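Examination of the molecular architecture
As a plain string of letters, each chain reads:
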Amino acid sequence: MAKPLKAEFLDRLILIVGKDFVISDSDARKLYASDSTEDFVFMPDVVVKPDTVEEVSDIMKLCYEFDIPLTPRGAGTGLSGACLPVSGGLILSTERLNRILAIDEKNFQATVEPGVINEVFRNAVEAVGLLYPPDPASKGSCFLGGNIAHNSGGPKAVKYGVTRDYVLNLEVVLPTGEIIWTGADTLKNSTGYSLTHLMIGSEGTLGIVTKIVFRLLTKPTHDLLMLASFANAGNACAAVAEIFRTGVTPSALELMERKAVELSAFYLNETFDHKEGMEIYLLIEVDGFDPDLLMKDCEKISEALERFGVDDLLFMETFDQKEKIWKIRRAIGEKVKAHSIYKEEDTVVSRAYLPELLAGVKEIGSRYGFESICYGHAGDGNLHVNIIKGEMSDENWKGKHLEEGIREIFRLCKKLGGTISGEHGIGLVQKKYMNEVFEPMQIDLMRKIKAVFDPKGLLNPGKIFP
Ligand code: 2HG
Ligand code: ZN
């Protein structure tokens, strides 16, 4: 239940943003009580929707004065519960901070507010021949501010890198209300500690981003797409590292287990003709400016796939074919989760260890009695493991049994030199596993940094730290 906020606090909130943008009605607040993580519901006491950085600053100062926890929220597409108001208090929604402020075609830069939808921005820069590569599966709804909070990736990360690689400068409101810029609008910057990179991936716990300066690339003019089918999962995983040894860096290299494709196609009401016995698929894209060179790249890749026992290789000729397979790939996460109660792990290792990782996940699942549906960014060694409740008892599902199975998966990642999250972050649901990959000293360092930025611990409390 929402704790009654002091009338003075609410009155002053209304003075800052106007009464239309202070949401107290419980039905309206409920819309901000969940994100895209499992079935969590945490009710905020109030939701505010500021329209300027000055309003954000005044809200932060007010919460600091009244000791009210403040949770920043973008589109709510997060997968680790990072924007859930676990201590109640105030949700600060960035939905009105949704302007593309400038696209500088001379410097290949753009300045945006955090509430701009990823795909809206990507389309806007493409219209002038430029490319903003990070393309999370949720690109049609996720906000750029949330992409900063989680250092989001997506299929193009394998060639173009992740959100962090495109951020030059950030305007940030600190938990005590000060407004700062963290960097400079330059491609190179070696000026003291990088406050910019400290903010990226901090999941809204160190400050609220109110403006972002991105660097952009020239948009490639051509791309080719192949779908490789394997009967043997180990062969598919082993082929991944080999593709890069041909000298070609794909612009996407995705892995999809058959079951993931079946569920996504089914719920999308799309047809997908699985060849008999195929168990796992690789979706491989190359992009560039010379179609003849791209065709040569595809020949090199298909030779590598042949060496690793590919059973079928389909060349996606038409735009519709490409659109359909990407639609199926991008919907997998949502459709697998609609199909079953799940727990999602965002495992990541060096890509040559994918065979051990996938085999290990299946072996652990057989010992702990859970099925998993796996897919993800094979080129990055980033495997999304959706653990499906299936026949597992509620007691085992909610208790130490499953937690121990998940810990075994994370210990395998660590043994392979990997870690527990490649892109979805820690948030609420993964914080108890931080001790699988960090010693107390590292976690203590992070806590001290948090305390420097947020001495009262009011900004997005209850996240990241065990
Ligand atoms: C993907 O790669 C996204 O599809 C979302 O990271 C994953 O929702 C998911 O499980
Ligand atoms: Zn992903």
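Residues numbered from 1 in each chain as written. Chains lettered and ligands numbered in written order. Predicted model: local features only at pLDDT ≥ 70, side-chain atom pairs only at ≥ 80, totals over all residues. Heavy atoms only, no water.

Observations regarding the overall build of the chain
Secondary structure summary: the chain contains 15 helices and 18 strands in total. The C-alpha atoms of the chain give a radius of gyration of 23 Å, which matches the 23 Å a tight globule of 466 residues would have. Each principal axis of the C-alpha distribution contributes one length, and for the chain these read about 70 × 60 × 45 Å. When burial is assessed residue by residue, the chain has 55% of its 466 residues classed as buried. Sequence separation of 24 or more characterises 73% of the internal contacts of the chain that already satisfy a separation of 6 or more. With the model as given, the accessible surface of the chain reaches about 19900 Å², and the carbon-plus-sulfur share is 54%. (Helix = DSSP H or I, 4+ residues; strand = E, 2+ residues; numbered from the N terminus. Rg over C-alpha atoms; globule rule 2.2 N^0.38 Å. Buried < 20%, exposed > 50% of the residue type's maximum accessible area, 1.4 Å probe, protein only. Contact = heavy atoms within 4.5 Å. Areas by Shrake-Rupley, 256 points an atom, 1.4 Å probe, with all protein chains shown as cover.)

Some thoughts on the site of ligand 1
All residues in the neighbourhood of ligand 1 are listed as Leu79, Ala137, Arg329, Gly333, Lys337, Glu344, Tyr375, His377, His384, Glu423 and His424. Here an oxygen atom of ligand 1 and a side-chain polar atom of His377 are 3.0 Å apart. His384 places a polar side-chain atom, nitrogen or oxygen, 3.0 Å from an oxygen atom of ligand 1. Relative to its free-state accessible area of 290 Å², ligand 1 is covered by the protein chains to the extent of 90%. The set of elements that each furnish at least two residues to the shell around ligand 1 consists of α11 (319–339) and β17 (371–377). Among the elements that make up the shell around ligand 1, the one with the highest residue count is α11 (3 residues). Here the shell around ligand 1 is built from residues that sort into 3 nonpolar, 4 polar and 4 charged. (Near = heavy atom within 4 Å. Polar contact = N/O pair within 3.5 Å; in protein donor to acceptor, adjacent residues only side chain to side chain. Nonpolar A, V, L, I, M, F, W, Y, C, P; charged D, E, K, R; others polar.)

Structural notes on the sheet that holds strand β8 (residues 167–173)
Hydrogen bonds between backbone atoms are what pair the strands of a sheet, whose relative direction is either parallel or antiparallel. Taken in spatial order, the 5 strands line up as β5-β6-β10-β8-β9 in an open sheet, and their pairing is antiparallel. The strands lining the two open edges of the sheet, one partner per strand, are β5 (100–104) and β9 (179–181). Put simply, the sheet's adjacent strands are angled 10° from each other on average, direction ignored. Across 6 bridges, the pairing between β8 and strand β10 (residues 208–215) is antiparallel. Among the inter-strand pairings, Val173 is bridged to a residue of β10, identified as Ile208. Contacts from helix α4 (residues 118–126) reach β5, β6 (109–112) and β10 within the one sheet, and its direction differs from that of β5 by about 35°. (Pairing = 2+ DSSP bridges. Axes fitted to C-alpha atoms, helices over the stretch in contact; angles between N-to-C directions.)

A word on the domain arrangement of the chain
By the assigned domains, the chain splits into domain 1 (7–96), domain 2 (100–218), domain 3 (222–332) and domain 4 (340–427). Listed as interface residues are 17 residues of domain 1 and, on the opposing side, 20 residues of domain 2. Across the domain 1 to domain 2 interface the summed buried area is about 1500 Å²; carbon plus sulfur atoms make up 73%. Secondary structure elements with two or more residues in the side of domain 1 that touches domain 2: α3 (53–66) and β3 (70–73). The leading source of residues in the side of domain 1 that touches domain 2 is α3, at 6 residues. By residue class, the composition of the side of domain 1 that touches domain 2 is 9 nonpolar, 5 polar and 3 charged. (Domains from an automatic or database assignment. Buried area = accessible area lost by both parts, 1.4 Å probe.)

Thoughts on the coordination of the zinc ion (ligand 2)
With distances of 1.8 to 2.1 Å, the protein atoms coordinating the zinc ion (ligand 2) are His377 (NE2), His384 (NE2) and Glu423 (OE). Here the donor residues of the zinc ion (ligand 2) share one chain and are spaced in sequence as H-x6-H-x38-E. Here His384, found in strand β18 (residues 382–388), pairs with Glu423, found in the loop between α14 (400–415) and α15 (440–453); they are 39 residues apart in sequence, far enough to count as distant. The class for His384 is buried, based on a relative accessible area of 3%. Take Glu423: its relative accessible area is 13%, and that puts it in the buried class. (Donors = N, O, S within 2.8 Å, 3.2 Å for Na, K, Ca; no water.)

Notes on α14
With 16 residues, α14 extends 22 Å from end C-alpha to end C-alpha; this agrees with the ideal 22 Å at 1.5 Å per step. Among the residues of α14, those classed as buried are Leu402, Glu403, Gly405, Ile406, Arg407, Ile409, Phe410, Leu412 and Cys413. On its buried face, α14 sits against β16 (342–348), α12 (354–368), β18 and α13 (394–398). Positive phi appears at Gly417, one or two residues downstream of α14, with a value of about 85°. (Expected span 1.5 Å × (residues − 1).)

So, the sheet that holds strand β1 (residues 22–23)
Judged by pairing direction, the sheet is mixed, and its 4 strands sit side by side in the order β1-β2-β4-β3 without closing on themselves. Each edge of the sheet is formed by a strand with only one pairing partner; in this case those strands are β1 and β3. In terms of strand pairing, strand β2 (residues 46–48) meets strand β4 (residues 90–93) through 3 bridges, oriented parallel. From the neighbouring strand, Val47 faces β4, where its bridge partner is Ile91. Here helix α1 (residues 7–17) sits on the sheet in contact with β1, β2 and β4, set at roughly 15° to β2. The strands touched by α3 are β2, β3 and β4; relative to β4, the strand with the most contacts, the crossing angle is about 170°.

Remarks on the nonpolar core
Among the nonpolar cores identified, the biggest contains 53 residues, and Phe230, Leu282, Ile284, Leu305 and Leu357 are the most heavily contacted of them. Mapped onto the domain boundaries, this core takes at least three residues apiece from domain 3 (222–332) and domain 4 (340–427). Excluding residues that lie within four positions of it along the chain, Leu305 makes contacts with Ala228, Phe230, Ala239, Ile243, Leu282, Ile284, Val310 and Leu313. (Core = buried A, V, L, I, M, F, W, Y, C linked by side-chain atoms within 4.5 Å.)

Describing unusual backbone geometry
One non-glycine residue, Glu38, adopts positive backbone phi at about 45°. Position of Glu38 among the secondary structure elements: in the loop between α2 (26–30) and β2. Overall, the relative accessible area of 24% leaves Glu38 in the partly exposed class. You will see that Asn460, though not glycine, has its phi angle at about 50°, which is positive. Here Asn460 shows up in the segment after α15. With a relative accessible area of 2%, Asn460 lands in the buried category.

Observations regarding the pattern of salt bridges
Overall, the coordinates contain 35 salt bridges when judged by the stated rule. A salt bridge links Glu285 to Lys156; its shortest N-O distance comes to 3.0 Å. Here Glu285 is found in strand β14 (residues 280–288), whereas its partner Lys156 is found in the loop between α5 (144–150) and α6 (157–160), with 129 residues between them in sequence. The buried category is assigned to Glu285, whose relative accessible area is 6%. Where Glu403 meets Lys400, a salt bridge forms, and the shortest distance between an N and an O atom there is 3.3 Å. A residue pair is termed a helical-turn pair when its members lie 3 or 4 positions apart in one helix, as Glu403 and Lys400 do in helix α14 at 3 residues. (Salt bridge = Lys/Arg side-chain N within 4 Å of Asp/Glu carboxyl O.)

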